[in-house]
Amino acid sequence: EAQVTQNPRYLITVTGKKLTVTCSQNMNHEYMSWYRQDPGLGLRQIYYSMNVEVTDKGDVPEGYKVSRKEKRNFPLILESPSPNQTSLYFCASSLPPGGRAAEQFFGPGTRLTVL
Amino acid sequence: SQQGEEDPQALSIQEGENATMNCSYKTSINNLQWYRQNSGRGLVHLILIRSNEREKHSGRLRVTLDTSKKSSSLLITASRAADTASYFCATDANSGGSNYKLTFGKGTLLTVNP
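Residues numbered from 1 in each chain as written. Chains lettered and ligands numbered in written order. Predicted model: local features only at pLDDT ≥ 70, side-chain atom pairs only at ≥ 80, totals over all residues. Heavy atoms only, no water.

Novice: Could you give me a rundown of the state of the cysteines, with the residues and numbers involved?
Specialist: Enumeration over the complete set of coordinates arrives at 2 disulfides over all chains. Between the sulfur atoms of Cys 23 of chain A and its disulfide partner Cys 91 of chain A the distance amounts to 1.8 Å. For the disulfide bridge between Cys 23 of chain A and Cys 91 of chain A, the dihedral angle about the S-S bond is near -70°, and by the sign convention the bridge is left-handed. In this pair, Cys 23 of chain A sits in strand 3 (residues 19-25) while Cys 91 of chain A sits in strand 9 (residues 87-94), placing the two residues 68 residues apart along the sequence. Each member of the pair Cys 23 of chain A and Cys 91 of chain A is classed as buried. Shown here is the disulfide that connects Cys 23 of chain B with Cys 89 of chain B, its sulfur atoms set 2.0 Å apart. (Disulfide = S-S within 2.5 Å. Helix = DSSP H or I, 4+ residues; strand = E, 2+ residues; numbered from the N terminus. Buried < 20%, exposed > 50% of the residue type's maximum accessible area, 1.4 Å probe, protein only.)

Novice: Give me the lowdown on the layout of surface pockets, citing residues and values where you can.
Specialist: Computed from the structure, the largest pocket encloses a volume of approximately 610 Å³. The wall of the largest pocket is formed by 28 residues, among which Gln 37, Pro 39 and Gly 40 of chain A together with Ser 86 and Phe 88 of chain B lie closest to the centre. Broken down by secondary-structure element, the contributors of at least two residues to the lining of the largest pocket are strand 4 (31-38), strand 9 and strand 11 (110-114) of chain A together with strand 1 (5-7), strand 9 (85-96) and strand 11 (108-113) of chain B. For the lining of the largest pocket, a count of residues per class yields 8 nonpolar, 15 polar and 5 charged. Its volume calculated, the second largest pocket comes out at about 250 Å³. What lines the second largest pocket is a set of 16 residues, among which Phe 106 and Gly 107 of chain A together with Gly 42, Leu 43 and Val 44 of chain B lie closest to the centre. (1 Å grid on protein atoms, 1.4 Å probe; cavity = no way out; pocket = protein on both sides within 12 Å on 5 of 7 lines; lining within 4 Å. Points joined across faces, edges and corners; volume = space filled by probe spheres on them. Nonpolar A, V, L, I, M, F, W, Y, C, P; charged D, E, K, R; others polar.)

Here it is in structure tokens:
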């Protein structure tokens, strides 16, 4: 089954404790991205990756890191989480946008609370 | 800044009525997509319309695109209670070189009352 998986689904942590949210897709998609969703602010892109070893900042990259060492995985790293990073996070993948079919496949979301 | 902005922010209708949501964007695009999100869940792709298309249908969904006005509309006909969800438009545009950025709007919350 074609899918995007994220782990963990729920996480409560404390300020400053490094964490990683994993994202994996089995559709051989080149394009992957991370979004955060907050009430009243909609979906905002954190980072995206056009392919292996190619990443770029989205609209709200501060406080986050990503890596794309393999095509299927795109982990989101919070080196020193702060309470303002409490949010619902989504990973998504697709064929490359820009002229071709670019339907985004979303993961189920990770609800992160930073105390 | 947000590329796509949906209007209205919230819409409440009765079952059987049609629902229309609008999306405006700022820069030239390649494609515009509409997504649906049930509360707290991942977004699900509904329909994609390319910049050279004006109208597209999929079941009870009808999407129009007016590139001269930089706007799109999503029409859901004969709505059902199960259509209750948030609806987002997303646009992709060249962000420099070969990189393309996909930007979502803030969404329209549709409530269909039985």
